[in-house]
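Survey of secondary and tertiary structure
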Amino acid sequence: EKFEDYVARTWFQPLGMTGAAYLETPEVRSRLATGYPPGGEIRQAHFNVLLRPAGGIVASARDMANYVEFYLGRGTFRSSMLLPKEAMDRMERPASTYAAAEGLTLGYGLYNYSTVWNNWVFHGHGGVVPGAQADMAYLPDEGVGYAVMINCENEEAMNQLRDIVRSFLLRDRKSPLPPPTGIVNEAQIADYIGWYAPTTHRSENQRYLENVLGFTHVTFGNGQLSLWDLTNGKIAYTRITGRLYRRLDNSRMLALVGDHRYSTLF
């Protein structure tokens with residue numbers, strides 16, 4: 001059985017995603033929006049992802065709204081269970097990293113990652129291809145979510161749209177408090193002070209760029225752990241418990257892991 005037929009039979013059809021497809025057929029092309037590069041001056045030809053299990057679904061806003069409903073239903077869509085709740089929980093939870101072993105629950109699960117926004121922890125997945133961007137996210141405990149798409153490769157526009165939608169969904173709700181902090185373990189932080197370079201690269205063809213932008217300096221001062229890199233500048237963290245730390249300004253977290261004697265660059 002073809003991969004595309006299997007997905008259509010087991011997922012698209014039960015979820016009512018009647019317009020969703022992988023292959024760029026004449027019928028699909030007739031429904032495509034015109035894509036544009038970041039500047040928006042010229043048209044961008046549709047980018048058909050060849051490695052289809054990694055992405056590239058063409059879908060409407062209505063299709064994606066049903067997909068969000070499936071996540072909010074914890075695997076059930078309109079009384080039809082496609083996955084058990086335990087499977088949904090596992091999708092949202094990282095389990096294979098050293099940070100996860102230290103108790104870090106935020107991060108990349110099974111093609112589903114968490115994003116912190118005003119202390120709300122969203123789950124979902126986004127994407128970008130030449131000429132288009134998309135973002136799907138939801139709050140399981142709040143029962144709200146969204147799927148937004150734009151026919152332009154414009155990160156700034158997508159960020160603005162995402163903030164507007166999230167603000168609207170949560171307009172009547174109070175932001176949760178960040179995790180409480182514990183006593184800073186100065187001796188523990190001292191073991192990790194130094195310079196670090198990334199060793200696990202998401203894209204091999206971007207390794208050179210990730211090496212430069214990911215170069216990080218870890219310091220300690222004023223009772224806080226601080227990380228500095230070229231992308232984010234200097235960010236302060238405070239300890240929660242064990243080797244878990246969170247940012248002072250929101251709920252984003254990190255874990256101190258590994259043997260610092262071999263990971264620190266002097």
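Look above for the structure.
To start, this report covers the structure provided alongside it.

Definitions and limits used
- Residues numbered from 1 in each chain as written.
- Predicted model: local features only at pLDDT ≥ 70, side-chain atom pairs only at ≥ 80, totals over all residues.
- Heavy atoms only, no water.
- Helix = DSSP H or I, 4+ residues; strand = E, 2+ residues; numbered from the N terminus.
- Expected span 1.5 Å × (residues − 1).
- Contact = heavy atoms within 4.5 Å.
- Pairing = 2+ DSSP bridges.
- Axes fitted to C-alpha atoms, helices over the stretch in contact; angles between N-to-C directions.
- Core = buried A, V, L, I, M, F, W, Y, C linked by side-chain atoms within 4.5 Å.
- Buried < 20%, exposed > 50% of the residue type's maximum accessible area, 1.4 Å probe, protein only.
- Salt bridge = Lys/Arg side-chain N within 4 Å of Asp/Glu carboxyl O.
- Phe/Tyr/Trp six-rings, centres within 6.5 Å; stacked < 30°, edge-to-face > 60°.
- Lys NZ or Arg CZ within 6 Å of the ring centre and 35° of its normal.

Here's the deal with helix α3 (residues 61-72)
- An ideal rise of 1.5 Å per residue puts 16 Å on 12 residues; α3 measures up with 16 Å between its terminal C-alpha atoms.
- Against the buried residues of α3 lie α1 (3-12), β1 (76-77), α4 (85-91), β5 (132-139) and β6 (144-150).
- Trailing α3 by a residue or two, Arg74 shows a phi angle of about 55°, which is positive.

Topic: the sheet that holds strand β9 (residues 224-229)
- With antiparallel pairing, six strands are arranged side by side in an open sheet as β7-β8-β9-β10-β11-β12. The open sheet has two edge strands, β7 (194-196) and β12 (253-255), and neither has a second partner. Going from strand to strand, the sheet's axes swing by 30° on average, the running direction of each strand aside.
- Note that β7 and strand β8 (residues 216-221) share three bridges and pair antiparallel. The residue of β8 that forms the bridge with Trp195 is His217.

With respect to the pairing of strand β4 (residues 120-129)
- Here strand β3 (residues 113-117) pairs with β4 via five bridges, running antiparallel. When the bridges of β4 are listed, Thr115 appears paired with Phe122.
- What sits between β3 and β4 in their antiparallel hairpin is a turn of two residues, with Asn118 showing a positive phi close to 50°.
- Pairing of β4 with β5 involves seven bridges; the strand directions are antiparallel. Residue pairing across strands places His125 opposite Met136, the latter belonging to β5.
- Linking β4 back to β5 in an antiparallel pair, the connection comprises two residues, with Gly131 at a positive phi of about 95°.

Remarks on the nonpolar core
- Core analysis: the largest hydrophobic core is formed by 16 residues, its most contacted members being Phe12, Leu15, Met17, Phe70, Tyr71 and Met136.
- Those elements giving two or more residues to this core turn out to be α1, α3, α4 and β5.
- It is α3 that provides the largest number of residues to this core, a total of four residues.
- In this view, Tyr71 contacts Met88, Met91, Asn112, Met136 and Tyr138; residues no more than four positions away in its chain are not counted.
- Grouped together as the second largest cluster of nonpolar side chains are 13 residues, Leu139, Val165, Leu169 and Leu170 included.

Considerations on the pattern of salt bridges
- One pass over the full model with this rule turns up 12 salt bridges.
- Between Arg9 and Glu1 there is a salt bridge, with its nearest N and O atoms 3.0 Å apart.
- Between Arg78 and Glu69 there is a salt bridge, with its nearest N and O atoms 3.2 Å apart.
- Accessibility expressed as a relative area gives 51% for Arg78, which makes it exposed.
- Take Glu69: its relative accessible area is 29%, and that puts it in the partly exposed class.
- Each of Arg74, Lys85, Asp89 and Glu92 takes part in salt bridges that share partners, so that together they form one network.

Section: the packing of aromatic side chains
- Under the definition given, this model contains 13 aromatic pairs.
- A ring pair is formed by Tyr71 and Tyr138, whose centres lie 4.9 Å apart and whose planes are at 25°; its orientation type is stacked. Of this pair, Tyr71 sits in helix α3 while Tyr138 sits in strand β5, placing them 67 residues apart in sequence. Here the two residues Tyr71 and Tyr138 agree in accessibility, since each one is buried.
- Linked through ring pairs, Trp11, Tyr67, Phe70, Tyr71 and Tyr138 together constitute an aromatic cluster.
- The side chain of Arg166 reaches across the aromatic face of Phe122, ending 4.2 Å from its centre.
- Here Arg171 stacks its cationic end above the ring of Phe168, 4.1 Å away from the centre of that ring.

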